[in-house]
Amino acid sequence: MRELKVVGLDVDGKRIICENDDSGEKFILRSDDRLHAAVRGEKAESSHSQIDAEVPSMLRPKEIQAKIRSGASVEQVAAAAGADIGRVERFAHPVLLERSRAAELATAAHPVLADGPSVLTLLETVTSALVARGLDPEDTSWDAWRNEDGRWTVQMGWKAGMSDNVAHFRFTPGAHGGTVTAFDDAACQLVDPDFARPLRPLAPVAQLGFEEPEPPAAPEPPPAPKPARARKGKPSVPAWEDVLLGVRSGGQR
């Protein structure tokens, strides 16, 4: 690698003239932001300035915030746009705070039941439901995002054993905290007043392949014996000669 020394500026004042001591060969170096950053020792900032100069043509700040507000993550937006994650984070930060605040407000809203809004808040309702089913109400997560119609969708996540579960609600801000409406089956089960039912009904034993054999049928009792019928005495038949002579058996006339 050959070393160059700065000789001066070109006539237009925008390019730097350099010279090699050994050969006397001259070179022209353009002055730009990267060169200025390199002179100041700001190598990391020079790469970011280059990205900031190129990315706006692909994804503007308002577009980044719109995607984050609709539920996308910083990583998803950066990957889809081919943008630097740090730049996306700068514009996404206030929107992420907005989403977090909406989820917090939704926990203080009242679930809409068949007979009207519940007295309990959403947080109180789902806490009671999880405790009644033997689950940890502290092991939950909340998020929210705005739909195209302007309404908020709130997501609650919780763990049940080794599985991760989610439920979704529609949040409508308003007086006394607003209201939330169950949006899927999991949400319906969480706000169901019948907390005794499990969130995931167990499959019947027969469907799992462990059906127990039915006990053998009890043998039928033998038929009761018929009562013996009394036998009538059979009259004796006189001998033929007794009939002719008029004599009964036994010698009597």
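Residues numbered from 1 in each chain as written. Predicted model: local features only at pLDDT ≥ 70, side-chain atom pairs only at ≥ 80, totals over all residues. Heavy atoms only, no water.

Caption draft 1: Inspection of the environment of Ser31 at higher detail. Tracing the sequence through the fold places Ser31 in the loop between strand 3 (26-30) and helix 1 (33-40). Judged by relative accessible area, which is 34%, Ser31 ranks as partly exposed. When the C-alpha atoms of Ser31 and Arg15 are compared, they prove to be 5.7 Å apart, with 16 residues separating the residues in sequence. (Helix = DSSP H or I, 4+ residues; strand = E, 2+ residues; numbered from the N terminus. Buried < 20%, exposed > 50% of the residue type's maximum accessible area, 1.4 Å probe, protein only.)

Caption draft 2: Seen up close, the packing of helix 4 (residues 74-81) against helix 5 (residues 85-107). Two elements in contact, helix 4 and helix 5, have axes separated by 9 Å at closest approach and are oriented at 140°. The pairing of helix 4 with helix 5 is recorded here as oblique in orientation. Classified by chirality, the crossing of helix 5 by helix 4 is right-handed. Along the contact surface, helix 4 presents Val74, Glu75, Val77 and Ala78, while helix 5 presents Ile85, Val88, Glu89, Ala92 and Leu96. Considering only residue class, the contact of helix 4 with helix 5 consists of seven nonpolar, no polar and two charged. (Axes fitted to C-alpha atoms, helices over the stretch in contact; angles between N-to-C directions. Parallel < 35°, antiparallel > 145°, perpendicular 65-115°, else oblique. Left-handed = near helix turned anticlockwise from the far one by under 90°. Contact = heavy atoms within 4.5 Å. Nonpolar A, V, L, I, M, F, W, Y, C, P; charged D, E, K, R; others polar.)

Caption draft 3: Representation of the side chain of His110 within the structure. Note that His110 resides in strand 4 (residues 110-113). Under the relative-accessibility criterion, His110 is labelled buried at 17%.

Caption draft 4: The arrangement of the sheet that holds strand 7 (residues 152-160) in detail. The six strands are arranged 5-4-9-8-7-6 in an open sheet whose pairing can be described as mixed. Strands with a single pairing partner mark the edges of an open sheet, and in this sheet they are strand 5 (116-117) and strand 6 (140-146). For strand 4 and strand 9 (residues 179-182), the ladder comprises two bridges, and the chain directions are parallel. From the neighbouring strand, His110 faces strand 9, where its bridge partner is Thr179. Across the sheet, helix 6 (residues 122-132) touches strand 4, strand 6, strand 7, strand 8 (163-172) and strand 9, and the angle it forms with strand 6 is around 140°. (Pairing = 2+ DSSP bridges.)

Caption draft 5: View of helix 5. Given a rise of 1.5 Å per residue, 23 residues ought to cover 33 Å, and the 31 Å separating the end C-alpha atoms of helix 5 matches this to within 8%. Along helix 5, the sharpest change in direction is near 45° and occurs at Ala92; proline Pro94 comes one to four residues later. For helix 5, the full list of buried residues reads Arg87, Val88, Ala92, Val95, Arg99, Ala102, Ala103, Ala106 and Thr107. For helix 5, the side-chain oxygen to backbone nitrogen distance between the N-cap and Gly86 is 3.1 Å, and the N-cap itself is Asp84. (Expected span 1.5 Å × (residues − 1). Bend = angle between axes of the 7 residues up to and from the residue. Polar contact = N/O pair within 3.5 Å; in protein donor to acceptor, adjacent residues only side chain to side chain.)

Caption draft 6: Structural context of the pattern of salt bridges. Counting across every chain of the model gives seven salt bridges. In this structure, Arg69 and Glu98 form a salt bridge, with 3.2 Å as the shortest nitrogen-oxygen distance. With a gap of 29 residues between them, Arg69 in helix 3 (residues 61-69) and Glu98 in helix 5 connect regions that are remote in the sequence. Taking the relative accessible area as the measure of exposure, Glu98 reaches 28% and is therefore partly exposed. For Glu98, the salt bridge goes to Arg146, with nearest N and O atoms at 3.9 Å. One end of the pair, Glu98, is in helix 5; the other, Arg146, is in strand 6, with 48 residues separating them in the sequence. (Salt bridge = Lys/Arg side-chain N within 4 Å of Asp/Glu carboxyl O.)

Caption draft 7: Region of the structure containing the confidence of the model for the protein. Predicted confidence across the protein gives a mean pLDDT of 76, with 65% of residues reaching 70 or more. Note that residues 201-210 has pLDDT below 50 and, in this model, four contacts with residues that lie over four places away or in other chains. (pLDDT = per-residue confidence, 0-100.)

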